[in-house]
Amino acid sequence: QVRLVESGGGLVQAGDSLRLSCAASVRTFSSYAMGWFRQAPGKEREFVAPISRTVGRSDYADSVKGRFTISRDNAKNTVYLQMNSLKTEDTAVYYCAATTGSYSYRTWEYNYWGQGTQVTVSS
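Residues numbered from 1 in each chain as written. Predicted model: local features only at pLDDT ≥ 70, side-chain atom pairs only at ≥ 80, totals over all residues. Heavy atoms only, no water.

Visitor: Where do I start with the overall build of the protein in this structure?
Guide: Within the protein one finds zero helices and 10 strands. Reading the protein from its N terminus to its C terminus gives the helix and strand order β-β-β-β-β-β-β-β-β-β. Against the globule reference of 14 Å for 123 residues, the protein gives a C-alpha radius of gyration of 13 Å, in line with a compact fold. Residue burial in the protein is summarised as follows: out of 123 residues, 43% are buried. (Helix = DSSP H or I, 4+ residues; strand = E, 2+ residues; numbered from the N terminus. Rg over C-alpha atoms; globule rule 2.2 N^0.38 Å. Buried < 20%, exposed > 50% of the residue type's maximum accessible area, 1.4 Å probe, protein only.)

Visitor: Any chance you could explain the packing of aromatic side chains here in plain terms?
Guide: Each pair of aromatic rings is reported with the distance of its centres and the angle of its planes. Here the structure, examined in full by the defined rule, presents six aromatic pairs. Measuring from centroid to centroid gives 5.0 Å for Phe37 and Trp113, while their planes differ by 55°, and the two rings are tilted. You can see Phe37 sitting in strand E4 (residues 33-39) and its partner Trp113 sitting in strand E9 (residues 112-113), a full 76 residues away along the chain. When the ring centre of Tyr80 is taken as origin, the NZ or CZ atom of Arg19, which lies over that ring, is 3.9 Å away. In this structure, Arg45 packs its charged tip against the face of Tyr95, placed 3.8 Å from the ring centre. (Phe/Tyr/Trp six-rings, centres within 6.5 Å; stacked < 30°, edge-to-face > 60°. Lys NZ or Arg CZ within 6 Å of the ring centre and 35° of its normal.)

Visitor: What should I look at first to understand the pairing of strand E6 (residues 68-73) in this one?
Guide: Side-chain direction in a regular strand flips from residue to residue, so the side chains alternate between the two faces of the sheet. What you see with E6 is a clean split: Phe68, Ile70 and Arg72 sit on the buried side and Thr69, Ser71 and Asp73 on the side with no burial. Hairpin connection between E6 and strand E7 (residues 78-83): a loop of four residues separates the two successive antiparallel strands, and Asn77 in this loop has a positive phi of roughly 55°. (Pairing = 2+ DSSP bridges.)

Visitor: Help me understand the pattern of salt bridges in this model?
Guide: Close approach of charged atoms lets side chains of opposite charge pair. Counted by the stated rule, this structure contains five salt bridges. Two residues, Glu109 and Arg106, come together in a salt bridge whose shortest N-O distance is 3.8 Å. Assessed through its relative accessible area of 41%, Arg106 is described here as partly exposed. What you see here is one network of salt bridges that share partners, running through Arg38, Glu46, Arg67 and Asp90. (Salt bridge = Lys/Arg side-chain N within 4 Å of Asp/Glu carboxyl O.)

Visitor: Would you explain the sheet that holds strand E1 (residues 3-7) in this entry?
Guide: By definition, the strands of a sheet pair up through backbone hydrogen bonds, in either a parallel or an antiparallel sense. In space, the four strands of this open sheet follow the order E1-E3-E7-E6, with antiparallel pairing throughout. Lying at the two open borders of the sheet, with one neighbouring strand each, are E1 and E6. Averaged over all pairs of adjacent strands, the angle between strand axes in this sheet comes to 15°, irrespective of strand direction. Of the strand pairs in this sheet, E6 and E7 are connected by six bridges, and their pairing is antiparallel. Bridging from a neighbouring strand, Ser71 pairs with Tyr80 of E7. (Axes fitted to C-alpha atoms, helices over the stretch in contact; angles between N-to-C directions.)

Visitor: Would you explain the state of the cysteines in this entry?
Guide: In a disulfide, the sulfur atoms of two cysteines are held together by a covalent bond. On inspection of all chains with the given rule, the structure shows one disulfide. Here Cys22 is linked by a disulfide to Cys96, with a sulfur-sulfur distance of 2.1 Å. Of note, the bridge from Cys22 to Cys96 carries an S-S torsion of about -80° and is left-handed in sense. Of this pair, Cys22 sits in strand E3 (residues 18-25) while Cys96 sits in strand E8 (residues 92-99), placing them 74 residues apart in sequence. Residue class for Cys96 comes out buried when judged on its relative accessible area of 0%. (Disulfide = S-S within 2.5 Å.)

Visitor: Mind showing me how you'd approach the nonpolar core here?
Guide: Soluble globular proteins: nonpolar side chains tend toward being buried together. Core analysis: the biggest nonpolar cluster contains 30 residues, and Met34, Trp36, Phe68, Val79, Leu81, Met83 and Tyr94 have the highest contact counts within it. Every element with two or more residues in this core is listed here: E3, E4, strand E5 (46-51), E6, E7, E8 and strand E10 (117-122). (Core = buried A, V, L, I, M, F, W, Y, C linked by side-chain atoms within 4.5 Å.)

Right, here's the structure in full:
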């Protein structure tokens, strides 16, 4: 069983930075590829960034590339999303997800999801 808890969301101004954390309660964190997704009101949930199980291979949605960085600390069972140069368009609920499958950009390929953390970027 996997439990994921996101934290670090909040209200910030455009141009600010924010770091999200996802703490995973699992036996072997390194067995899971992880991903960050987000969902704005009235919008479909979209991928933000995935990261591989152990070597830290990562990728990003075009909308956040160059501004966001995903990382993981397997010793702490935690995945992070560093968000810089935030824009109002980044406002959404951000979700952490885990998969026993391979590195993926697709929501339906993730087995476990956190409750989400709200990120609101004001102008």
